[in-house]
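Chain residues, written in single-letter form:
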Amino acid sequence: MGYHMQIKYTPTDVVCKITEAELYAVSDTGILSQTVSIGGVDFTVKITVTNTNHMTVQWDTQPPNITMTVGMDKTQLDALIGLGKNRDGISAVVDGTTVTVQVDIKTDTRRQ
């Protein structure tokens, strides 16, 4: 299955926009990962299901690669699934950065 996760990053926000299929994939497997190669550097973004009770972000900057892992607990993932078609997604402030995971409403077949 090809993934289409979109990442928007600013100094104060990280938004991970995933498809409905990706939402169910991370629910089933516990992980969603996408890598983009830019100028010889692999930039990987992962969304994982964790046992914590809050959203987490971990960075691994092992040259020449960069990995950002966004951890969501099962309650947050279930809440995102239960939101239905919704632009807001699930957000949390992690170390001063607002991290949001949302489902792309353009292709989302869930009800509002």
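Values in this document were obtained by computation on a predicted structure and should not be read as measured data.

### What about the overall build of the chain?
- A tally of helices and strands in the chain yields two helices and eight strands.
- In the chain, the succession of α and β elements from N to C terminus is β-β-α-β-β-β-β-α-β-β.
- Here the chain has a C-alpha radius of gyration of 14 Å; the compact-globule value for 112 residues is 13 Å, and the two agree.
- Across its three principal axes, the chain shows a C-alpha extent of roughly 40 × 30 × 25 Å.
- Within the chain, residue pairs in contact and separated by at least 24 positions form 43% of the contacts whose partners lie at least 6 positions apart.
- Accessible surface, the chain: about 6600 Å² in total, of which carbon and sulfur atoms supply 51%.

### Digging into the packing of aromatic side chains
- A full pass over the atoms with the stated rule returns one aromatic pair.
- Aromatic pair Tyr9 and Trp59: ring centres 6.1 Å apart, planes at 75°, arrangement edge-to-face. Of this pair, Tyr9 sits in strand S1 (residues 6–9) while Trp59 sits in strand S5 (residues 56–60), placing them 50 residues apart in sequence.

### Regarding helix H2 (residues 74–82)
- Among the residues of H2, those classed as buried are Gln76, Leu77 and Leu80. Mapping the buried residues of H2 onto a view down its axis gives an arc of 100°, with all of them on the same face. Residues of H2 that are exposed and point over 90 degrees away from its buried face: Thr75 and Gly82.
- The inward-facing, buried residues of H2 abut helix H1 (20–29), strand S4 (41–50), strand S6 (66–73), strand S7 (90–94) and strand S8 (97–103).
- Of the residues that open H2, the one with a side-chain oxygen 3.0 Å from the backbone nitrogen of Thr75 is Asp73.

How each quantity is defined
Residues numbered from 1 in each chain as written. Predicted model: local features only at pLDDT ≥ 70, side-chain atom pairs only at ≥ 80, totals over all residues. Heavy atoms only, no water. Helix = DSSP H or I, 4+ residues; strand = E, 2+ residues; numbered from the N terminus. Rg over C-alpha atoms; globule rule 2.2 N^0.38 Å. Contact = heavy atoms within 4.5 Å. Areas by Shrake-Rupley, 256 points an atom, 1.4 Å probe, with all protein chains shown as cover. Phe/Tyr/Trp six-rings, centres within 6.5 Å; stacked < 30°, edge-to-face > 60°. Buried < 20%, exposed > 50% of the residue type's maximum accessible area, 1.4 Å probe, protein only. Arc of directions from axis to C-beta. Polar contact = N/O pair within 3.5 Å; in protein donor to acceptor, adjacent residues only side chain to side chain.

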